[in-house]
Amino acid sequence: MLRRTNAIVLKTLPFGEADLIVTHFTYDFGLINTFAKSPRKIKSRFGSSLEPLTCSKISFWGKEDAQLPRLTQSDIILSFQELRESWNCFLKVSEIAELTANFLPEREANKKVFTLLLNTLKTAKKDCNLLLDTILYKIRFLNFIGYAPRLDGCGRCGNAGLSFYIAHGSVICEKCATGMNRPIKLSPGSIKLYESLSKWDDPAIGRIKPSGELLSELSSMINDHIIYTLSRPLRSHAFHKLKPARCCDSKPG
Ligand SMILES: [Zn+2]
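Residue numbering note: each chain is counted from 1, following its sequence as written. Only residues with pLDDT of at least 70 get local features here, since the model is predicted, and only at 80 or more are side-chain atom pairs given and counted; chain-wide, interface and lining totals rely on the full set of residues. Only heavy atoms go into the side-chain values, all of them from the structure, while hydrogens and water stay out.

## What to know about the coordination of the zinc ion
Now for step 1: A donor here means any N, O or S atom no more than 2.8 Å from the metal (3.2 Å for Na, K and Ca); water is not included, so a site may seem to lack partners. The coordination sphere of the zinc ion contains the protein donors Cys154 (SG), Cys157 (SG), Cys173 (SG) and Cys176 (SG), at a distance range of 2.3 Å.
Now for step 2: When four donors show all angles between 85 and 135 degrees the site is tetrahedral, when four or six donors have opposite pairs over 155 degrees and all other angles between 65 and 115 it is square planar or octahedral respectively, and in every other case it is irregular. Around the zinc ion sit 4 donor atoms; with metal-centred angles ranging over 102 to 116°, the donor geometry is tetrahedral.
Now for step 3: On the basis of relative accessibility, which here comes to 0%, the residue Cys154 falls in the buried class.
Now for step 4: Here's how the labels work: a residue is buried when its accessible area is under 20% of the maximum for its type, exposed when over 50%, partly exposed in between, all with a 1.4 Å probe on protein chains only. Take Cys173: its relative accessible area is 5%, and that puts it in the buried class.

## Here's the deal with the domain arrangement of the chain
Now for step 1: Note that the domain bounds reflect an automated or database-derived domain assignment. For the chain, the assigned domains are domain 1 (2-82) and domain 2 (130-244).
Now for step 2: Here the C-alpha centroids of domain 1 and domain 2 sit 34 Å apart.

## Focus: the state of the cysteines
Now for step 1: The disulfide criterion used throughout: a pair of cysteine sulfur atoms within 2.5 Å. Going through the model one piece at a time under the given rule, you end up with 1 disulfide.
Now for step 2: Note that Cys89 is cross-linked by a disulfide to Cys128, the S-S spacing being 2.1 Å. What sets the handedness of the Cys89 and Cys128 disulfide is the S-S torsion sign, and at about 90° it is right-handed. Here the residue Cys89 occupies a position in helix H2 (residues 87-103), and Cys128 occupies one in the loop between helix H3 (111-126) and helix H4 (131-144), the gap between them amounting to 39 residues.
Now for step 3: Of the cysteine sulfurs around Cys55, a residue in no disulfide, the closest is that of Cys89, at 16 Å.
Now for step 4: By relative accessible area, which is 3% here, Cys55 ends up buried. Where helices and strands are cited, they refer to DSSP runs of H or I of at least four residues and of E of at least two residues respectively, numbered from the N terminus.

As structure tokens, then:
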């Protein structure tokens, strides 16, 4: 059975001398691994369409339950070549690609996440310096798949709190946290920023200018939450040390 859909390349794995296993995040079928015959040969019909982050219209062939359907065609819609040309930018977007590949179940369409990823790549193509975009992707992604941390009130009683307990995925107020240890302490500013990023639309978010310090604090907490939830660190975290964004030094406004 031949199927067609739009897809973003999340990762590739060499197979034998010239073949590749490609992990695509597709619009209609979610995460799919496909087998690409000889894309590493110079005159491959796939051209550069299997480079990570490329968005293409693909066709693949195989029985509905085939573990590794065969990729038959891949025509580039958006190459996102710019994102691969800057090392820093590539690290940043690789992190969100890895997050997407690790969290989502195979073969379950999630059109909201597909659109989110595509729009984030388009934004990064215009300006890759914004740490805010990476955090925003993570927050929206976690929201869409039901793993968002809760910061708007204690996970037990709903009262306000500033201590995030990673095993609970939530802020826990002082009263309910008796006997619990090692919380991540958060500032009221980073909780407010999280709530804004979770609930506001793009034009409203475009008007906020959080400090680098606030972004780093929130980013660090979200990364810890992701690592705990996945039960393993993301590979890209190992060589991607977070720096406050140059662009966001002004005070919240
Ligand atoms: Zn409580």
